[in-house]
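Here are the chains, one letter per residue:
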Amino acid sequence: MTEKLNIRRAAVLGAGVMGAQIAAHLTNAGVETILFDLPSEKGSQNAIVESSISALSKLKPNPLAVDGIEQYITPANYNTDLDKLRNCDLVIEAISERFDWKQSLYQKVSPYLSKSVIFATNTSGLGIHHLSTILPENLQSRFCGIHFFNPPRYMKLVEIIPHTQTDKSLLAQLETFLVSRLGKGVIIANDTPNFIGNRIGVFSLLAVLHHSRELGLAPDIVDALTGPLIGRSKSATFRTMDVVGLDTMAHVVNTLKQDLKDDPWANYFDLPTWITELIERGALGQKKGQGVYKKVGQQIQVWDYHDKAYRPISSHVSNEVMTIMRQTSPVDRFEKLIKSHDPQAQFMWRIFRDLFHYCAYHLNAIAQSARDIDLSMRWGYGWQQGPFEIWQLASWKEIAKKINQEAQNEETMSPVALPDWVNTLDGPYQQGKAFSPEKKIFIGRSELPIYKRQYFPDQTITETPNEGETIFETDAIRMWTLGDRIPILSFKTKKNCISTDVLEGIQEAILRAEKDYDALVLWQRHDVDFSVGADLKQVVEGLKDNRIDLIEKTVSLFQKTALMLRYASIPTVAAIRGLTLGGGCELSMHTTKIVAAFETYVGLVEVGVGIIPAGAGSKELAYRASLKAVDGNIYKSLRSFFDQVAMGQVSISALDAKRLGYLRPQDSIVFSNDELLFQAKKQALALADISYTPPIPVKFQVAGSPGIANLKTYLVNLREGGFISDHDFLIGSKVAHVLCGGEIEANSLVDEQWMLHLEREAIVDLVQTNETVERIKYMLEKGKPLRN
């Protein structure tokens, strides 16, 4: 029996960009991590690794969960530090894709690996079985591929690739670690070239290149057709190649060409001549400032391979294609694409046709089921739907028939027929299960216990989630339960904006929970963001009729709701993820406990629309500053909160939100978004089980007039230096006035009602200024703040 896996210490071999980022994410997750590389020939032997660690803070997007966390990565080298491997539970090799280099490294480190270690390679395509033969026999059963996608912090997909001797029970424990501890979506891939994600992703890109060349479509047109229009990322095709690097893409394609010589689509495995010419010119993409695209001043230009020069972008999608893509029915869309004579429509049909054909043909070899390919493309490439999902929704049999017809024409596509299983099914999904060609049956999801924590995992078509039982519902909120005594409250507004209807719904939910249930969890069912804040449209409506009294009433309702969450007779838990801004932050700060997903971005950003946090948020920061004060020096602890509010600072993760004070020490962080609701309900139940008693309303000391004076002096200096406008100064002064408790003596004792009154006064004053009104309207129209 395999010993239970407990990964507390890890090592990453290879301090390149990918290896360093893997080390960073392990460190984010609280795993003690050592990062190895070659010894430096000059200075410190760890200079190469130290430089790589130092560079992490400069990468975009940021791989670090909180500033300075990289200092917890231990630098090491292969000359003097191999003994440090002995205590590692997990070792991940992430050096360059050279078999001979990996062979040399494996032989060097193997004697230092413990008998219970998991040894893994992050290779993106080299054979796992072939690599395993390098290792001592006793280590082979503990070896597999763990393929992270770049950037590893943000991309959900991780492929685990076992070989024939890999211990199956070890794989289950490794999958559990990656899913729960690192927040990843794991797919078990077969040991074939490029595994699943890159095999399908790179082929899809090559099919786009092939058919754009055949039909003479320019790169900017191709990107307009292969991005959000078809449910893929904004970078589409050629922008993605620029980001990856044209030379890197050439290497990937050449490797694929060598490894898959017998692939029926092998004639696709070539880059267009004009791409090769760009590489020869040194135009390698983003890292060189020019590739397929380059920026000239404020203008983005694209390479015209006919004229061999850059020109302004002209990404015009034909009217016929736009009309087709507006069809709500996938069946209608594909039927019209197939029949159209428009070159752009023909191009779109061909790239989907080849994608469908390729996935069906290779499914049995590369994956366990259709679901594995679809989730790989969604998690690893950001596609809204996987190829099998798209195909089945677009009429499986009709498209299969068309593919078989066109497969007979070698000039249009690969001449191989679709596998027999395709022609016998109505689609690869049926009643929530996915077809497995190997087993010749429809199979369900993994039975690993960790997945029982995921009440609402990312679903593929035909899966029906358990939406629970509704307790009560309005146009703004829904209170529901999963059949237990811990009800859930979810918002239904756009971006989960907090309107008066939402506030009234929260209050009603609290009253019902106090009467009939044990706790209340706030969690959003249908959005990745908890809330972007208050509904500014209601503020604008109030200002139209000069109904300042309505605005003040709404603010009072907000404050009352926050206090009800704080002082309810049952525990209240906010399960937050994604954007948790403004009013969303204020409400969550008043719950008994916050359970935050790792990727949660929290901040009080009201100054961006010319107001202050007035939903009890400023009061709460003043209170927390008093708790942090040392030797009665409230101003020192308050100053950081003032800067955060004045600058509208948003955390870069839940860990950072804890550093900033938006999360308290007792609040919890969960790495897996899919486990968030489970953990929140678990925490709520634990609080209820200890005979929960609400806190007593507090009184606390404030900084008073001296604090206001200090903050205003700081604001004056900023204004005179030209860093802030007069209106910024006014807003900052209001923030200072409220956070410091008004013009009273330092260290005066105030209650919450005093502070809430100051919040209301400040926001009412600000919404009556033209500049604030302009800021609010601009945000609603443009979606970004106005500086005036």
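About the cut-offs
- Each chain has its residues counted from 1, following the order in which its sequence is written.
- Residues qualify for local features only when their pLDDT is at least 70, as the model is predicted, and side-chain atom pairs are given and counted only at 80 or more; totals for whole chains, interfaces and linings, by contrast, use all residues.
- Based on all heavy atoms of the structure, the side-chain values leave hydrogens and waters out of the count.
- The set of buried Ala, Val, Leu, Ile, Met, Phe, Trp, Tyr and Cys residues whose side-chain atoms join them within 4.5 Å is what this entry labels a nonpolar core.
- Only protein chains enter the accessibility calculation, which uses a 1.4 Å probe. A residue is then buried if its area is under 20% of the maximum for its type, exposed if over 50%, and partly exposed in between.
- Counting from the N terminus, the helices are the DSSP runs of H or I reaching at least four residues and the strands are the DSSP runs of E reaching at least two.
- Contacts were defined at the residue level, with two residues in contact if any of their heavy atoms lie within 4.5 Å.
- Two strands qualify as a pair provided DSSP detects at least 2 bridges between them.
- Geometry is summarised by axes, namely lines fitted to C-alpha atoms with helices restricted to the contacting stretch, and by angles between N-to-C directions that run from 0 to 180 degrees.
- The definition of a right-handed crossover adopted here requires that, viewed with the strands pointing away, the path from the first strand over the helix to the second runs clockwise.
- Stacked, edge-to-face and tilted are the three classes for Phe, Tyr and Trp ring pairs, Trp counted by its six-membered ring, which pair at centre distances within 6.5 Å; planes under 30 degrees apart are stacked, over 60 edge-to-face, the rest tilted.
- Here, a charge over a ring means that NZ of Lys or CZ of Arg falls within 6 Å of the ring centre while also lying within 35 degrees of the ring normal.
- Each residue after the first adds 1.5 Å to the expected span of a helix.
- By salt bridge we mean one thing: a side-chain nitrogen of Lys or Arg within 4 Å of a carboxyl oxygen of Asp or Glu.
- Each angle receives one of four descriptions, namely roughly parallel if under 35 degrees, roughly antiparallel if over 145, roughly perpendicular if within 65 to 115, and oblique otherwise.
- Definitions for this section: a left-handed crossing has its near helix turned counterclockwise from the far helix by less than a right angle. A right-handed crossing has that turn clockwise.

A. Geometry of the nonpolar core. Judged by nonpolar contacts, the single largest core of 109 residues is most densely connected at F119, F388 and W391. Among the elements that make up this core, the one with the highest residue count is helix 14 (residues 343–366) (13 residues). When near neighbours in sequence (up to four residues on either side) are disregarded, F119 contacts L13, V91, E93, Y106, V109, L113, L135, L139, R142, F143 and C144.

B. Just the environment of A476, in detail. When you line up the elements, A476 lands in the loop between strand 15 (469–473) and strand 16 (477–481). Sequence separation between A476 and I506 is 30 residues; the distance between their C-alpha atoms is 9.8 Å. Beyond its immediate chain neighbours, meaning those up to four positions away, A476 contacts S490, F491, K492, T493, D501 and V502.

C. Layout of the sheet that holds strand 12 (residues 429–430). With antiparallel pairing, 3 strands are arranged side by side in an open sheet as 12-13-14. Looking along the sheet, the strands with just one partner apiece sit at the ends: strand 12 and strand 14 (441–443). Here strand 13 (residues 433–436) pairs with strand 14 via 3 bridges, running antiparallel. The partner of A434 across the bridge, within strand 14, is I443. Strand contacts of helix 15 (residues 370–381): strand 12, strand 13 and strand 14, with the helix running at about 110° to strand 13, the strand carrying the most contacts.

D. Spotlight on the sheet that holds strand 3 (residues 74–77). Judged by pairing direction, the sheet is mixed, and its 8 strands sit side by side in the order 3-2-1-4-5-6-7-8 without closing on themselves. Only two strands of the sheet have a single partner each, and these edge strands are strand 3 and strand 8 (185–188). Here the average twist between neighbouring strands, direction ignored, is 25°. Here strand 2 (residues 32–37) runs beside strand 3; their pairing, made up of 4 bridges, is parallel. Among the inter-strand pairings, L35 is bridged to a residue of strand 3, identified as P75.

E. Layout of the pairing of strand 19 (residues 572–581). Counting buried positions along strand 19 yields 9 of 10 residues, so the element is predominantly enclosed. Bridge analysis of strand 18 (residues 520–522) against strand 19 gives 3 bridges, and the strand direction is parallel. Opposite L522, over in strand 19, you have A574 as the bridge partner. You can see the chain leave strand 19, run along helix 22 (residues 583–589) and come back into strand 20 (residues 593–603), and the turn it takes is right-handed.

F. Seen up close, the packing of aromatic side chains. Per the counting criterion, the structure on display carries 32 aromatic pairs. For the ring pair F456 and W480, a centre distance of 5.9 Å and an interplane angle of 75° mean the geometry is edge-to-face. Taken as a pair, F456 in the loop between strand 14 and strand 15 and W480 in strand 16 lie far apart in primary sequence, 24 residues in all. Under the relative-accessibility criterion, W480 is labelled buried at 0%. Among the aromatic residues, those joined into a cluster by ring pairs are F334, F352, F356, F388, W391, W396, W421, F435 and F442. Seen from the ring of F729, R719 lies directly overhead, with NZ or CZ sitting 3.9 Å from the centre.

G. Inspection of the side chain of T237 at higher detail. Within the secondary structure, T237 is located in the loop between helix 8 (219–225) and helix 9 (238–244). Those residues in contact with T237, other than ones at most four positions away along the chain, are L205, V208, L209, V222, D223 and T226.

H. Molecular detail of helix 23 (residues 617–628). In this model, helix 23 (12 residues) spans 17 Å end to end at C-alpha, consistent with the 16 Å of a helix rising 1.5 Å per residue. Burial runs high along helix 23: 10 of the 12 residues are buried. Those residues of helix 23 that fall on the buried side of the exposure criterion are G617, S618, K619, E620, L621, A622, Y623, R624, A625 and S626. Elements in contact with the buried residues of helix 23: helix 21 (548–567), helix 22, helix 24 (634–647), strand 22 (699–701), helix 28 (726–739) and helix 29 (752–767).

I. A look at the environment of E514. Relative to the assigned elements, E514 resides in helix 19 (residues 500–516). Judged by its relative accessible area of 30%, E514 falls in the partly exposed class.

J. The arrangement of the pattern of salt bridges in detail. The final tally for this structure, using the stated rule, is 42 salt bridges. For D728, the salt bridge goes to R775, with nearest N and O atoms at 2.7 Å. Residue D728 is located in helix 28, and its partner R775 is located in helix 30 (residues 770–782); the two are separated by 47 residues in the primary sequence. Considered together, D728 and R775 belong to a single accessibility category, that of buried residues. Among the ionic contacts, a cluster of salt bridges with common partners joins R566, K619, E620, R624 and E752.

K. Seen up close, the packing of helix 19 against helix 21. Between helix 19 and helix 21, the shortest axis-to-axis distance is 10 Å and the interhelical angle comes to 30°. By the angle between their directions, the pair helix 19 and helix 21 is classed as roughly parallel. In this structure, helix 19 meets helix 21 at a crossing whose hand is left-handed. Counted together, T500, L503, E504, I506, Q507, I510 and L511 of helix 19 and T554, L557, F558, K560, T561, M564 and L565 of helix 21 form the full contact between these two elements.

L. Representation of unusual backbone geometry. Looking along the chain, the bond that leaves K60 and enters P61 is cis, with omega of -5°. Among the structural elements, P61 can be located in the loop between helix 2 (47–55) and strand 3. In this model, N150 is joined to P151 through a cis peptide bond whose omega is 0°. Relative to the elements of secondary structure, P151 occurs in the loop between strand 6 (143–148) and strand 7 (157–161).

M. Fine view of the environment of L375. Examined against the element boundaries, L375 turns out to sit in helix 15. Among the residues examined, L375 registers a relative accessible area of 2% and is labelled buried. Between the C-alpha atoms of L375 and A657, which are 282 residues apart in sequence, the distance is 30 Å.

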